[in-house]
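Chain by chain, the residues:
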Amino acid sequence: MRVSTVNLFSSSKFIKHHHFIALRSVSALAQLKPLSSDSDSDSGPQNTTKVVETLNRLKKKPIDALSYFDNLKKEGFLHDVCTYAAIVRILCHFRLNKELDLIFLQIIRKQNNVEFEVIDLLKALYHDGSDSFVRVSNAMVKAYVVLGMFDQVLEILFLTERHGFVFPISSYNFFMNQLVHCGKMDTVLAVYQQLGRLGLSLNVYTYVIVLKALFKKGCLEEAFEVYREMDKAEVTPNEFAYSTFIEGLCMNGELDLGHQLLRAWAATKIPLGAFAYTVVIRGFCNDTRLEEAEGLLLFMETQGVVPDVHVYSALISGYCKFGNISKALALHSEMVSKDIKTDCVVVNLILKCFCQLGRVSEAVHQLKELEEIGIVDNISYNLVVDALCKLGRVDEAMVLFSEMKDNQMVLDVVNYTTMIYGYCLQGKLCDALILFKEMKEKGHEPDLVTYKILAVGFARCDFGQVAIDLLNDMKKQGLGPYFARDNMIIEGLCLGGKVKEAEAFFHSLQEKCLENYSAMFNGYCHADYSEKAFQLFMRISKQGFSVSKGSIFKLLNSLCINGDNAKAKMLFDRILTLNLEPSKIMYSKLIGSCCQAGEMGMARSVFDILISRGNTPNLMTYTMMINGYRKVNCMQKAFELFKDMKRQGIAPDDVTYKILFNIHSKINLKSSSSS
DNA sequence: TTAGGGTTAG
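Starting afresh in each chain, residues are numbered from 1 along the sequence in its written order. Whichever chain is written first is A, and whichever ligand is written first is 1; the rest continue in order. Per-residue local features of the predicted model are confined to residues with pLDDT of at least 70, and side-chain atom pairs are confined, for both listing and counting, to 80 or more; whole-chain, interface and lining totals are unaffected and use all residues.

### Concerning the overall build of chain A
Rule in force here: Secondary structure elements follow DSSP: runs of H or I of four or more residues count as helices, runs of E of two or more count as strands, with numbering from the N terminus. Whether a residue is buried, exposed or partly exposed follows from its count of other C-beta atoms within 10 Å of its own C-beta, namely 20 or more, 12 or fewer, or something in between, respectively; the C-beta atoms are built from the backbone.
Secondary structure assignment for chain A yields 38 helices and 0 strands. Scored against the burial criterion, the 675 residues of chain A give a buried share of 39%.

Now the structure itself:
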């Protein structure tokens, strides 16, 4: 299999960990011993035994058991492996997964002075039976994954000889699936490769997850290979395997192949569920092939596959994207007539479409009707509130906002933020602040978006200091990583035109990280301080550090607009040094600007770079160059480029011809005057 | 232990 993967066991780091784990487990056991032999101690065996007994007595009352367990903790009782095992058994039996997850988080984080290792707890629970052990090990995996401690899971799952037992394949599947969700595809593949070593038989779940990882990585060849491996292992693919395969093709630009495969499999009566059809239908919709999408809906019905709300949602979403609200509504009615229950997601697609078409009053009307039949949620309201706000109709938005409260809906951060944004847009900062206060009082912590909206709103209205205070408030709250908070302040102030305040804040930072510089750079770009942005960029990029392409483009653009071509070219060269691929529009802006100024040497060098990187200049670029040469009287060069353009199969338009006519007449003029 | 859709900024 040609999969480039991280080999789990090749690194010396792993070997070191291996010994470390062994030592750690031994020391954990050693720590347990004195506890259990110290009969007079408060946390001694008698107490432990008693606690376990009490927990066992409470085993039919999980909530009581948990509060008993937690209370003991609060009183300073030192829980050990035995008492943890007892509570875990109870939570597991009642499938109280959230509580179980919290227990594992505590142990991993070594909260409450836990003195044993997770693996000790697993060992204690191993013989309880496979069902509950799977649940326990999954909770462990989940807790490690939440904390981003992937290596630790690898150690535990693969050092099985140390534990004296093996994990079931489902534990590995669960872990791999979590990894897929975290985007750790290479780790999934590494796990897959190592699984064979453990002698476990892989099941269809395993293969489906690995296929998913490969498709997400864009490795189609390798996915085919895994499919063959599955066949070799005599694992029969199921509905999930087939649909994962079709989905994988569709998400990797092979929509038609996925479609063909779907048809072929359907023809051979291979079991395909509605999901397989949904992914192809969605693919068609994204590709503006709405008729084919609808055709597939008809086809699936002829195959006896009953469409569900997801199939319709894909189609409705497709039509909404192109503003075809009547078709979307028709499909919705069709769906309902087939007894497929509609839901908030589908109606929100339609509400959003109404709003985007500017038919906001109709959206308000629809919302009221939906409210009556009870198919609305916070998002439905938010879509309409947002649309009203953006049209400046804050009062109407506020009516809906209050209606949510009247309807006993629990407003969330996004609802508040949207309304706050509406007020800021109108410069109604007091109203915005009142809402801001209210949301905090109701226990909804504002997020980075809320703060940014307020900061920009205040800075724009000449309340720079209020903005700074507000953002400092955010800082105190510990929102987001430290640089994200600082950057929000810097960028927010610049967006509001308070560059001086932003600079003061930037300089006040004791230790600046690269992200801060990047924020300052973005801020300069937003505020059109191109000179300062340019200087800063040249400085930080020397350290090999780069910033967002969007900001660089903005800077390049404003340097060009200002006619500062020399700096624009320096910036362009730096972009190349940093191995950033300039976008087509960057080339054409710079070339255009140089041609405009008659700086054809510079224009030509950018033009040549464009070609040397495998691009073909378009009509616009050729025309600009030809006109540039005309301006500086290099007619020969202009002609050469024209010929070159025709060779490339690019047809000149009327602008090009006008320029050429101009050149001709000049040449003719020249030759007639010299003759 | 496996799939799917809809809100807030710039």
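### A short note on the packing of helix 24 (residues 413-425) against helix 26 (residues 448-460)
Cut-off, in case you're wondering: All axes are obtained by fitting lines to C-alpha atoms, using only the stretch in contact for helices, and the reported angles, taken between N-to-C directions, cover 0 to 180 degrees. Small angles under 35 degrees read as roughly parallel and large ones over 145 as roughly antiparallel, with 65 to 115 read as roughly perpendicular and the rest as oblique. We call two residues in contact when the distance between their C-beta atoms, placed using the backbone, is within 7 Å. Any residue that is not Ala, Val, Leu, Ile, Met, Phe, Trp, Tyr, Cys, Pro, Asp, Glu, Lys or Arg is counted as polar, Gly included; the first ten are nonpolar and the last four charged.
At a closest axis distance of 9 Å, the pairing of helix 24 and helix 26 adopts a crossing angle of 10 degrees. Classed by the angle they form, the pair helix 24 and helix 26 counts as roughly parallel. Together, Val413, Thr417, Ile420, Tyr421 and Cys424 of helix 24 and Val449, Thr450, Ile453, Leu454 and Gly457 of helix 26 make up the contact between the two elements. Residues belonging to the contact of helix 24 with helix 26 are distributed by class as follows: 7 nonpolar, 3 polar and no charged.

### With respect to the protein's contact with DNA strand B
Operational definition: For each residue, a C-beta atom is positioned from the backbone; the residue is called near a molecule or strand if that atom sits within 6 Å of it.
By nearness alone, 44 residues border DNA strand B, and Asn173, Phe275, His310, Asn382 and Thr417 come closest of all. Broken down by class, the residue content of the surface near DNA strand B amounts to 21 nonpolar, 15 polar and 8 charged.

### Focus on helix 20 (residues 344-356)
Helical geometry note: an α-helix holds 3.6 residues per turn, so side chains three or four residues apart project in the same direction. Test applied: Every helix has an expected span of 1.5 Å times one less than the residues it contains.
Here helix 20 spans 18 Å end to end across 13 residues, near enough to the 18 Å set by a 1.5 Å rise per residue. Along helix 20, 10 of the 13 residues are buried, which leaves the element largely enclosed by surrounding structure. Regarding helix 20, the residues found buried are Val346, Val347, Asn348, Leu349, Ile350, Leu351, Lys352, Cys353, Phe354 and Cys355. Taken together, the buried residues of helix 20 touch helix 18 (309-321), helix 19 (325-337), helix 21 (360-373) and helix 22 (378-390).

### Observations concerning the nonpolar core
Basically, it comes down to this: By our criterion, buried Ala, Val, Leu, Ile, Met, Phe, Trp, Tyr and Cys residues that link up through C-beta atoms within 7 Å make up a nonpolar core.
In this structure, Ile87, Val88, Val384 and Ile420 are the most contacted members of the largest nonpolar core, which totals 186 residues. Of all the elements, helix 4 (residues 81-93) adds the most residues to this core, at 9 residues. Not counting the four nearest positions on each side in its chain, isoleucine 420 is found in contact with Ala432, Leu435, Phe436, Thr450, Ile453 and Leu454.

### Points about the environment of leucine 454
For leucine 454, the location among the structural elements is in helix 26. According to the C-beta neighbour criterion, leucine 454 is buried, with 27 such atoms within 10 Å. On a C-alpha basis, the gap between leucine 454 and aspartate 70 in space is 41 Å, while along the polypeptide they are 384 residues apart. Excluding residues that lie within four positions of it along the chain, leucine 454 makes contacts with Ile420, Cys424, Ala432, Phe436 and Leu470.

### Re the environment of threonine 160
Summarising the element assignment, threonine 160 is placed in helix 9 (residues 160-163). The spatial distance from the C-alpha of threonine 160 to the C-alpha of leucine 198 is 8.6 Å, given a sequence separation of 38 residues. With sequence-adjacent residues up to four places away left out, threonine 160 is seen in contact with Phe165, Val166, Phe167 and Leu198.

### Re unusual backbone geometry
At aspartate 528, a position not held by glycine, the phi torsion is positive, near 65 degrees. Relative to the helices and strands, aspartate 528 is located in the loop between helix 30 (514-526) and helix 31 (530-542). Of note, asparagine 633 is a non-glycine position whose phi angle comes to about 65 degrees, a positive value. Of note, asparagine 633 is situated in the loop between helix 36 (619-631) and helix 37 (635-647).

### A word on the packing of helix 18 against helix 19
The condition is simple: Less than a right angle of anticlockwise turn of the near helix away from the far helix marks a crossing as left-handed, whereas a clockwise turn marks it as right-handed.
Relative orientation of the contacting elements helix 18 and helix 19 amounts to 165 degrees, with a least axis distance of 8 Å. Viewed along their axes, helix 18 and helix 19 adopt a mutual orientation that is roughly antiparallel. Considering the relative orientation of helix 18 and helix 19, their crossing is left-handed. Listed contacts from helix 19 to Tyr312, Leu315, Ile316, Tyr319 and Cys320 of helix 18 are Ile325, Lys327, Ala328, Leu331, His332 and Met335. Residues of the contact of helix 18 with helix 19, tallied by class, amount to 9 nonpolar, 1 polar and 1 charged.

### Re the confidence of the model for chain A
Defined as follows: A residue's pLDDT is simply how confident the predictor is in it, with values from 0 to 100.
Within chain A, residue pLDDT values average 86, and 89% of them lie at 70 or more. Note that pLDDT drops below 50 for residues 1-45; the model gives that stretch 48 contacts with residues more than four away or on any other chain.

### Structural notes on the environment of glutamate 247
Checked against the element boundaries, glutamate 247 lands in helix 14 (residues 239-251). Separated by 161 residues in the primary sequence, glutamate 247 and glutamine 408 place their C-alpha atoms 40 Å from one another.

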